[in-house]
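# Architecture and fold: a report
For reference, the chains in residue letters:
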Amino acid sequence: MTTHHPPPPTTPDAWRGRPAAQQPHWPDRELLREVTDGLSRAPALVFPEECDRLRARMAAVARGEAFLLQGGDCAETFAAVTADAINRTLRTLLQMAVVLTYGAAVPVVKVGRIAGQYAKPRSRPTETQGDVTLPAYRGDAVNGLAFTAADRRPDPRRLRRTYEASAATLNLVRAFATGGYADLHRAHTWNRGFVSDAPAGRRYEELTDAIERSLRFMAACGVAPRELRAVEFFAGHEGLLLDYEAALTRTDPRTGLPYAGSGHLLWIGERTRDLDGAHVAYFSRIRNPIAVKLGPNATADQALAYSEKLNPTAEPGRLTFVVRMGAAAVRDRLPTLVEKVTAQAAPVAWVCDPMHGNTFEAPSGHKTRRFDDILSEVEGFFAVHRALGTHAGGLHVELTGDDVTECIGGGDEVLVADLPRRYETACDPRLNHRQSLELAFLVAQMLRD
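The present account deals with the structure reproduced in this document. (Residues numbered from 1 in each chain as written. Predicted model: local features only at pLDDT ≥ 70, side-chain atom pairs only at ≥ 80, totals over all residues. Heavy atoms only, no water.)

## Section: the pattern of salt bridges
Per the stated rule, a full pass over the model turns up 33 salt bridges. A salt bridge links D209 to R192; the nearest nitrogen and oxygen atoms lie 2.7 Å apart. Of the two residues, D209 sits in helix α7 (residues 205-220) while R192 sits in helix α6 (residues 184-197), which places them 17 residues apart along the sequence. On the basis of relative accessibility, which here comes to 31%, the residue D209 falls in the partly exposed class. Where E424 meets R422, a salt bridge forms, and the shortest distance between an N and an O atom there is 2.7 Å. Relative accessible area serves as the criterion here: at 29%, R422 is assigned to the partly exposed category. Through salt bridges with shared partners, a single ionic network connects D52, R55, D252, R254, R287 and E315. (Salt bridge = Lys/Arg side-chain N within 4 Å of Asp/Glu carboxyl O. Helix = DSSP H or I, 4+ residues; strand = E, 2+ residues; numbered from the N terminus. Buried < 20%, exposed > 50% of the residue type's maximum accessible area, 1.4 Å probe, protein only.)

## Some points on the nonpolar core
Residues L159, L294, L310, F321, L334, W350 and L431 are the most contacted members of the largest nonpolar core, which totals 112 residues. If we ignore the near neighbours within four places in the chain, the residues touching L334 are V323, M325, A329, W350, F381, V384 and H385. Among the nonpolar cores identified, the runner-up in size contains 16 residues, and M58, A60, L68 and V322 belong to it. (Core = buried A, V, L, I, M, F, W, Y, C linked by side-chain atoms within 4.5 Å. Contact = heavy atoms within 4.5 Å.)

## Examining the packing of α6 against helix α13 (residues 433-448)
Contact geometry of α6 with α13 gives a least axis separation of 12 Å together with a crossing angle of 100°. Classified by the angle between their axes, α6 and α13 sit roughly perpendicular to one another. Between α6 and α13, the contacting residues are N191, F194, V195 and D197 on the first element and R434, L437, E438 and F441 on the second. (Axes fitted to C-alpha atoms, helices over the stretch in contact; angles between N-to-C directions. Parallel < 35°, antiparallel > 145°, perpendicular 65-115°, else oblique.)

## A look at the packing of aromatic side chains
Evaluated as defined, the whole model comprises seven aromatic pairs. Here the aromatic residues F67, F381 and F382 are joined through ring pairs into a cluster of three or more. Sitting over the face of the ring of F360, R370 holds its NZ or CZ atom 4.1 Å from the ring centroid. The ring centre of Y102 lies 4.5 Å from the NZ or CZ of R448, which sits over that ring. (Phe/Tyr/Trp six-rings, centres within 6.5 Å; stacked < 30°, edge-to-face > 60°. Lys NZ or Arg CZ within 6 Å of the ring centre and 35° of its normal.)

## Re empty space enclosed by the protein
Taken as a whole and assessed by the stated rule, the structure comprises one cavity of 30 Å³ or more. The computed volume of the largest cavity comes to approximately 70 Å³. Class assignment for the residues of the lining of the largest cavity results in six nonpolar, three polar and two charged. (1 Å grid on protein atoms, 1.4 Å probe; cavity = no way out; pocket = protein on both sides within 12 Å on 5 of 7 lines; lining within 4 Å. Points joined across faces, edges and corners; volume = space filled by probe spheres on them. Nonpolar A, V, L, I, M, F, W, Y, C, P; charged D, E, K, R; others polar.)

## Here we look at helix α12 (residues 371-388)
Taking 1.5 Å per residue, 18 residues should reach 26 Å; α12 reaches 26 Å between its end C-alpha atoms and fits that length. Along α12, the positions that sit buried rather than exposed are F371, I374, L375, E377, V378, G380, F381, F382, V384 and H385. Residue G389 follows α12 closely and has a positive phi angle near 75°. (Expected span 1.5 Å × (residues − 1).)

## Some details on the environment of I86
Tracing the backbone shows I86 in helix α3 (residues 83-104). Apart from the residues lying within four places of it in its own chain, the contact partners of I86 are V81, I114, T169, L172, V173 and F176.

## Here's the deal with unusual backbone geometry
The phi dihedral of A105 is positive, around 60°, even though this residue is not glycine. By the element assignment, A105 lies in the loop between α3 and β2 (108-113). At E413, a position not held by glycine, the phi torsion is positive, near 55°. Tracing the backbone through its elements, the reader meets E413 in the loop between β14 (394-398) and α13.

## Some words on the environment of R33
Positionally, R33 belongs in helix α1 (residues 29-40). Measuring from C-alpha to C-alpha, the distance between R33 and A247 comes to 9.8 Å, with 214 residues separating the pair along the chain.

## Regarding the pairing of β14
Counted residue by residue, β14 has five buried out of five residues, so it is predominantly covered. Where burial is concerned, the two faces of β14 agree: the one with G394, H396 and E398 and the one with L395 and V397 are both buried. Strand direction decides the pairing type here: strand β1 (residues 67-72) and β14, joined by five bridges, are parallel. Paired with L69 across the strands is L395, a residue of β14. (Pairing = 2+ DSSP bridges.)

Okay, structure coming up:
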């Protein structure tokens, strides 16, 4: 078996000479240096062996032998780092994974938007309320959500809190994933409760019964693999704050190659994917599996250029394209990208982000998304790959395990008037627990069909 190793970087910090979009204007540069120097001496949050294992799993996704489920908060907050909150998010992802595994009939690779998603790019650098203009909220890693001058001032000490919150979250995730909580039978029982209790869930009884028959068949045959009792769960986030990512970059003593120590999978966002920019330069030098978000204006030539810059050795599992076209554009814009990349570039995993292209502002002023638009983009994504004979590799979803009212629609019908009732996101609207499960059941039906 051939092992692909990119050449070691000549200058690990070469990205610092490139334009870096969406970076905070830290008012205290000396304090920033002090914090990042401390982080550079701290233990890594994830390890090269774990990243290598995920890269192998993503290679299976690229080959059409696995399906990716990535989900979690739009923007994590320090206040939400509690066992209960993490438990609910993990539970939702595990429930979705059970259904998708049956629908796809291949292993589901599980990656949380978790333990690092504390920074967000913004469309405008400032926010105005009345006669007051302040810096925009860029996530708890940078500043506070409250609209005050003190809260909105970027504070480098928040980077240390981000590291500590991520470490605590990963400890809980690892304990949940291996301590019996992630048992497949338990997750199926939770889904059975959803189907029985929720009016919208009852339409999925046939699929739930089929999963239950499969579990009973395995039990009758004496099949009880470890994978049914524990789960492989990885952590990912947008690698936005380059000072933080650079401070946590570590050299693997086995190979001498650099890895981002902040998460297993990092991605470059739609607003920071400048081919000559600092983010692409930094990502080209780490060995983690990585992804690039591609919006409706992305071109096939750009996608090919990302493949060349970020995966010059043509290694399967190294690069994922997460497309966020919007329900109205995905069927028109995606085919050319997939055709040209498939014909000319190394294998990549194609993943659908049906959230970010479908956001709009409700009359109440709340940012929201229609469940039907989210579903429509997923349907379009699958239709494109089905027509081209390529693999629709996965879903990337903003969600929570709580019963929030942030996205409208779904079988239990969250209305526009319901938005103020439990609108709790720190940035963009998320699917709630029931909407997330309903999406999983509907996608499983698409996969079966």
